[in-house]
Amino acid sequence: DDRDLRIFAINVLGDVNFAESRDMLVELLGTEEDINVAMTAVDYMGEIGEMEDIPLLESLKDRFRDDVYAEFAVDGAIKLIEG
């Protein structure tokens, strides 16, 4: 329940070479309601995400529609994934 702990866990997943990191971030992004936690995961998805993750990332702009930072972070991650 502690968002700081969730952010820490995301940082660990993103920084280690763990084969399931991307899958775990995708799972988290499917349900995460805290914008700080979600955008931390989005930052890492820009590095390890795949083309198939783009619809999920786009859906976050609807979930956090009142936040300009979310749109900026999601768009940045998508650009990185697309190359």
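Just above sits the structure.
Attention in this report is confined to the structure presented alongside it. (Residues numbered from 1 in each chain as written. Predicted model: local features only at pLDDT ≥ 70, side-chain atom pairs only at ≥ 80, totals over all residues. Heavy atoms only, no water.)

**A short note on the overall build of the protein chain**
No. 1: Within the protein chain, the secondary structure is distributed over five helices and zero strands.
No. 2: Along the protein chain, helices and strands appear, N-terminal first, in the series α-α-α-α-α.
No. 3: Computed over the C-alpha atoms, the radius of gyration of the protein chain is 12 Å, within 12% of the 12 Å expected from 2.2 N^0.38 for a compact globule of 83 residues.
No. 4: Taken along its principal axes, the extent of the C-alpha atoms in the protein chain is 30 × 30 × 15 Å.
No. 5: For the protein chain, buried positions account for 40% of its 83 residues.
No. 6: Restricting to contacts in the protein chain with at least 6 residues of sequence separation, those with at least 24 account for 65%. (Helix = DSSP H or I, 4+ residues; strand = E, 2+ residues; numbered from the N terminus. Rg over C-alpha atoms; globule rule 2.2 N^0.38 Å. Buried < 20%, exposed > 50% of the residue type's maximum accessible area, 1.4 Å probe, protein only. Contact = heavy atoms within 4.5 Å.)

**Let's talk about the packing of helix H1 (residues 3-15) against helix H3 (residues 35-48)**
No. 1: Contact geometry of H1 with H3 gives a least axis separation of 9 Å together with a crossing angle of 5°. In terms of axis orientation, H1 runs roughly parallel to H3. In this structure, H1 uses Arg3, Arg6, Ile7, Ile10, Asn11, Gly14 and Asp15 to contact H3, whose residues at the interface are Asn36, Val37, Thr40, Ala41 and Tyr44.
No. 2: Its residues placed into classes, the contact of H1 with H3 shows five nonpolar, four polar and three charged. (Axes fitted to C-alpha atoms, helices over the stretch in contact; angles between N-to-C directions. Parallel < 35°, antiparallel > 145°, perpendicular 65-115°, else oblique. Nonpolar A, V, L, I, M, F, W, Y, C, P; charged D, E, K, R; others polar.)

**Some thoughts on a nonpolar patch on the surface**
No. 1: A cluster of nonpolar residues, Leu5, Phe8, Val12, Val16, Phe18 and Met24, forms a patch on the protein surface that exposes about 560 Å² of accessible area.
No. 2: Along the chain, the position of Leu5 falls in helix H1. (Patch = residues over 30% accessible without salt bridge, like charges linked within 9 Å, V, L, I, M, F, W, Y side chains within 5 Å. Areas by Shrake-Rupley, 256 points an atom, 1.4 Å probe, with all protein chains shown as cover. Salt bridge = Lys/Arg side-chain N within 4 Å of Asp/Glu carboxyl O.)

**Topic: the nonpolar core**
No. 1: Counting 24 residues, the largest nonpolar core has Ile10, Leu25, Leu29, Met39, Val42, Leu57 and Leu60 as its most contacted members.
No. 2: Contributions of two or more residues to this core are made by H1, helix H2 (21-31), H3, helix H4 (54-63) and helix H5 (68-82).
No. 3: Top contributing element to this core by residue count: H3, with seven residues.
No. 4: Leaving out residues up to four positions away in the same chain, Val42 has contacts with Leu29, Leu57, Leu60, Ala73, Val74 and Ala77. (Core = buried A, V, L, I, M, F, W, Y, C linked by side-chain atoms within 4.5 Å.)

Treat this as a map of the structure, not an account of what it does.
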